[in-house]
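# Working through the structure, step by step
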Amino acid sequence: MNKIYLLLISLAGFTSLANAQKGSVSGAINAQNKPVEAASVGLLLARDSSVVQKIASDKIGNFLFEKIKSGKYLVAIQSVGYQKYYSNQFELNEKQNSYKLPGISLEAAAQKLGDVVVTSKKPEIEQKLDKTVVNVDASPSNVGLNALEVLEKSPGITLDKDGNISLKGRGGVTVMIDGRPTYMSATDLVNFLKNLPSTSLDQIEIMSNPSSKYDAAGNSGIINIKTKKSKIRGLNASVTVGGGIGMGIAEAAPKTNNSLNLNYRTGKWNFFGNYSYAYNKNPRKLELTRKFRDLSTNAVTTIFQQETNMDSKYESHNYKAGADYFMNKKTTIGFVYSGYYNPGKTRTDGVTNIMDADAKLQNQTVVTNDETMLWKGNSFNFNLRQLFDTTGTELNVDVDVVGYNSTKTQDFRNIFYDNSHHVISPDELLKGDLPSDINIYSAKADFTHPFKKDWKLETGVKSSYVKTDNDAKYFDFQSGDWRLNTNRSNHFIYKENINAAYVNLAKEFSKKWNAQVGVRMENTNADGNQVTTGQTFKRNYTQLFPTAFIGYNINDKNQLGFNYGRRIQRPNYEDMNPFYYFLDKYTYQVGNPYLQPQFSQNVELNHIYRNMITTGVSYSKTTDIILDVLSQVDSTKTTFINKRNVAKSSSWTINTNINAPIKKWWRLNLYAQFNYSTFNGLVNGEDLNVSGSGFVVNASNQFQLPKGLGFEINGFFRSRTLQGTLVSQPMGAVNIGVSKQILKNKGTIRLNVRDVLGIQNFRGYSRYQNIDLNIKNQWNSRVITASFTYRFSKGQAGNQSQRRRGGAGDEQNRVGGGGGN
């Protein structure tokens, strides 16, 4: 549904422009009483500064835009040696279809190009027709954060106890980096985002309803994280150094975030690269209380109180390098390499107090676990953009080769005591060796062709091949030697090929009405092989995913949009891997190789008022929904979690987003969402019928003060929420940030305090069948960070080099590969 929203709303944007009255915009450019020849003049839409046309001034400094449709615009002018010029906003309409700008006089830039620093003031949140855009650097409180923490602050996004991402109350979000899917499992995607510093981020695009052009995967839409890449000719760079300290449940924990961004553009070449390093020490405390009951009387027989303290230390190295070559005005080719190297280790100390029904201690189990991890990833992208004419006919081609590797070792020791703390049985020792390899190959081509009478065709094809190889081995220490535990070990190989084709057709019927319809076909071929047991499976299916949009422009201030779409959510590769992951002797997680994809149908109605207030109502129905299911083995007092297709669900959501200036120096962004969900199905052979409602409020206040000083206070609150069989209790946080421009605006100092009140922690419970579980998860949520950024450039503003989206769409979002929390 969310992907449809993107497509449909974007259509509303370009269709409303296409239907407008045609006119002209002109002007004359001077500097020091002399005309300026060959200045770059851009006509921009006032609502979002997108470029409508771009021309050069003539020999006497004049320029003329013709056949311009009704709407609100502004003009941007650039010329070597002069400061960039922006006009005031103006409007073309039926009464005034031409506009001549008053005398334009450019101001000289600094004499030394090395002193030229190109900066721009953007709002933290931009509400566009097809998406919500978060400008990361615009918020002082983003300093020192990682990508996951920035997402948590963003409108409509919520995180569960494990950091899994939901959009507008629904899970199954596809996360992209620079338009390319991450191919990561949920767990490893969370770890990766926790180790991606905010200093590497440019924008976050939130698209709740993309079109058929995008992969059909993802119940609730796409989040596209754009990394930094400059648009300036010549050499330019930025360097950020920062550090912080986390406080809360344990001793102060140090953190650091550092990054370097470089760009060099000359002639037909544009070279770019960046590197970031982060270190994060983060203690966590997990408390579980489980009650075991007599199935016939429902009386409590045993109580388990588990407290687990985890001390994690992670490093992350993220790097990217690439080049664009502008062969001519119509043809551009590009190459991008990106990778990461993220080592980490976690020390776990846990105590399980086993008590009787009266909460009297019977015996105790103490567990220690030393875990080392290493995530590595490399990806290569080749891309081509071919323009055929000036009307917008173009072809885009992407070829991606991606490889991920992770290694994880575990060293468990369980010690057993009675209620007097005397050892009652020999220690249990367990070692785990959990390597994983994932290789992905993807190619796609997208073609766009506008026709006469406001028709537009988009079509394309894509094919991907993925192979995952997971060989998990566990060893018990018996009779003085380590011996393979065949019951817990498993070697699983999974292969998947997806072939897709799509077509979108858009039409502007009048000045007020526009529409788009599309359909995507995806053919899936999957092959699973449990090498250890010899079990195999094959799956082959072809599905159609239609999308539709109707847009209606009531007037200049009000727009309506209605959209529909069908989506698919395939299981993550890790979730299908049937190996065991242990928290302690009594608690573990296991994969499910027999997971089936879930399908959803989504409908949404939106209203936009003056491009400042967006209100929406949506409905989603999902079948074969994939949920985390807790199961309990009463005889051994063990609890494990795995994902299953257990139910169908329906969800109603009402949301509104206000992004408006209160004063010239004060901007407010307020997002509010109400959600009601139901789940109906079978869990462990018994009926599951649950429902619940919840709401989320996310507010940000930004203040621009004199002398380059900025201040921000923001926060969020999430009410009690139903997540399948788990109920999460209310949670929130308040953050503050301060920034100061220095060194003639080439430097920025930022200070941020996250979770000022120290109240952000997870609490929840699950009670159904024989499950009675309470959860509390705490971490050092109050974090104080400071950073310094220095920017320099030696050059001039130029045309934007193409930022590659890549073609490895949904696949990269289903893999894994980051450091930890």
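Preceding block: the structure.
Once a new chain begins, its residue numbering starts again from 1 and follows that chain's sequence as written. In keeping with the model being predicted, local features are shown solely for residues with a pLDDT of at least 70 and side-chain atom pairs are shown and tallied solely at 80 or more, while totals for entire chains, interfaces and linings include all residues. With hydrogens and water set aside, each side-chain value is computed from the structure's full complement of heavy atoms.

### Here's the deal with the overall build of the chain
Strands here mean DSSP runs of E at least two residues long; helices mean DSSP runs of H or I at least four residues long; both are numbered from the N terminus. For the chain, the helix and strand inventory stands at four helices and 48 strands. For every residue, the accessible area obtained with a 1.4 Å probe (protein chains only) is divided by the maximum for its type, and the residue is called buried under 20%, exposed over 50%, and partly exposed between those limits. Of all 821 residues assigned to the chain, the portion counted as buried reaches 54%. In what follows, a contact means two residues having at least one pair of non-hydrogen atoms within 4.5 Å. Counting only contacts in the chain whose residues sit at least 6 apart along the sequence, the fraction spanning at least 24 positions is 69%. For the chain, the accessible area works out to roughly 34,800 Å², and carbon and sulfur atoms hold 55% of it. For accessible areas, the Shrake-Rupley method is used with a probe of radius 1.4 Å. Any residue's cover is judged against the shown protein chains and nothing else.

### Considerations on the nonpolar core
By nonpolar core is meant a set of buried Ala, Val, Leu, Ile, Met, Phe, Trp, Tyr and Cys residues that side-chain atoms within 4.5 Å join together. Leu151, Ile165, Leu193, Ile204, Ile223 and Ile225 are the most contacted members of the largest nonpolar core, which totals 42 residues. Contacts of Ile204, omitting those with residues within four sequence positions, involve Thr132, Val133, Val134, Val136, Val150, Leu151, Ser154, Ile223, Asn224 and Ile225. Counting 22 residues, the second-largest nonpolar core is a separate cluster that includes Ile625, Leu722, Leu726 and Ile775.

### Quick word on a nonpolar patch on the surface
Nonpolar side chains collect at one region of the surface, where Leu235, Val239, Val241, Leu260, Leu262, Tyr264, Trp269, Phe271 and Phe792 lie side by side and expose about 720 Å² of accessible area between them. Counting residues per element, the ones that place at least two in the nonpolar patch are strand S19 (234–247), strand S20 (253–266) and strand S21 (269–293). Its place among the elements puts Phe271 in strand S21. Residue classification places Phe271 among the partly exposed residues on the basis of a relative accessible area of 37%. Excluding any residue in a salt bridge, patches collect residues exceeding 30% relative accessible area, merging like charges within 9 Å and nonpolar Val, Leu, Ile, Met, Phe, Trp and Tyr side chains within 5 Å. Each reported salt bridge corresponds to a side-chain nitrogen of Lys or Arg within 4 Å of a carboxyl oxygen of Asp or Glu.

### A look at unusual backbone geometry
Phi is positive for Asn298, close to 65°, though the residue is something other than glycine. Mapped onto the elements of the fold, Asn298 is located in the loop between S21 and strand S22 (300–326). Even without a glycine there, the phi angle at Asn745 is positive, about 70°. Looking at the element boundaries, Asn745 is found in the loop between strand S44 (731–742) and strand S45 (747–754).

### Looking at the environment of Leu361
When you line up the elements, Leu361 lands in strand S24 (residues 361–387). Relative accessible area serves as the criterion here: at 31%, Leu361 is assigned to the partly exposed category. Note: C-alpha distance between Leu361 and Asn419 (58 residues apart in sequence) is 5.8 Å. Not counting residues within four places of it along the chain, the set of residues in contact with Leu361 comprises Asn353, Ile354, Met355 and Asn419.

### Regarding the packing of aromatic side chains
Only rings of Phe, Tyr and Trp enter the pairing, Trp through its six-membered ring, and a pair is recorded when the two centres are within 6.5 Å. The plane angle decides the type: under 30 degrees is stacked, over 60 is edge-to-face, the rest tilted. Scanning the model with the defined rule gives 31 aromatic pairs in all. Measuring from ring centre to ring centre gives 6.4 Å for Phe492 and Tyr494, while their planes differ by 25°; the resulting arrangement is stacked. A ring is considered to have a charge above it if a Lys NZ or an Arg CZ atom is located within 6 Å of its centre and within 35 degrees of its normal. A cation over an aromatic ring shows up here: Arg539 above the ring of Phe537, its NZ or CZ 4.3 Å from the ring centre. One Lys or Arg, Lys637, reaches over the ring of Phe292 and ends 5.5 Å from the middle of that ring.

### Here we look at the pattern of salt bridges
With the rule as written, the count across this model stands at 18 salt bridges. Between Lys462 and Asp215 there is a salt bridge; the shortest N-O distance is 2.9 Å. With Lys462 in strand S28 (residues 455–478) and Asp215 in the loop between strand S17 (201–207) and strand S18 (222–227), this pair connects stretches of sequence that are 247 residues apart. Both residues of the pair, Lys462 and Asp215, belong to the buried class. A salt bridge links Asp349 to Arg347, with the shortest nitrogen-to-oxygen separation between them at 3.2 Å.

### Description of the side chain of Asn659
Checked against the element boundaries, Asn659 lands in strand S38 (residues 638–663). A residue is classified by how much of its surface remains accessible, and Asn659, at 7% relative accessible area, is buried.

The values reported here are purely geometric and, on their own, carry no functional implication.
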